[in-house]
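Report on the structure
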Amino acid sequence: MKDTLSNVFAALGDTTRRGIYEQLLSNPHGLTATALVGAATVSRQAIVKHLQVLARSGLVISRRDGREVLYFVAPDGTAGASSWLLKGAEAWDRRIAKLESQSRSNTRRRATP
């Protein structure tokens, strides 16, 4: 079984890949690896390798346009990770709400003579 959630987090765990992903988010018409090199501190070959990792994790897709390859953010690439994070956030919200309720209840008991 393919662990896409781990692959997404591993891919985004690298600063350079996060930067590439953010650039692609800002450019819905896609970017080439050469265009992505401009803001990076690594070579074009390194950018291509990072793009391959992002593609294998399902975060990026590519399309050949003549001699160039354009890279785009995959439409649902972060859906699984977002859903997983949301479930965790909801669980913490429930725990905090329960603690607040218990705290208010304890405060009322102490205030009542």
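What counts and how
Residues numbered from 1 in each chain as written. Predicted model: local features only at pLDDT ≥ 70, side-chain atom pairs only at ≥ 80, totals over all residues. Heavy atoms only, no water. Buried < 20%, exposed > 50% of the residue type's maximum accessible area, 1.4 Å probe, protein only. Helix = DSSP H or I, 4+ residues; strand = E, 2+ residues; numbered from the N terminus. Arc of directions from axis to C-beta. Contact = heavy atoms within 4.5 Å. Polar contact = N/O pair within 3.5 Å; in protein donor to acceptor, adjacent residues only side chain to side chain. Phe/Tyr/Trp six-rings, centres within 6.5 Å; stacked < 30°, edge-to-face > 60°. Lys NZ or Arg CZ within 6 Å of the ring centre and 35° of its normal.

All right, on to helix α2 (residues 15-25) then. Residues Arg17, Ile20, Tyr21 and Leu24 constitute the buried set of α2. All buried residues of α2 lie within an arc of 100° about the axis, which places them on one face of the element. Exposed residues pointing more than 90 degrees away from the buried face of α2 are listed as Thr15 and Leu25. Check the buried side of α2 and you find it contacts α1 (4-12), α3 (33-37), α4 (44-56), β1 (60-65) and β2 (68-73). The residue sitting at the N-terminus of α2 and contributing the capping side-chain oxygen is Asp14; that oxygen lies 3.0 Å from the backbone nitrogen of Thr16.

Taken as a whole, this structure holds 1 aromatic pair when the rule is applied. Ring geometry for Phe9 versus Trp84: centroids 5.7 Å apart, planes at 65°, classification edge-to-face. With Phe9 in helix α1 and Trp84 in helix α5 (residues 79-111), this residue pair connects regions lying 75 residues apart in the sequence. Residue placement shows Arg95 over the ring face of Trp92; its charged tip is 4.8 Å from the ring centre.

Geometric descriptors of this kind do not, in isolation, establish any biological role.
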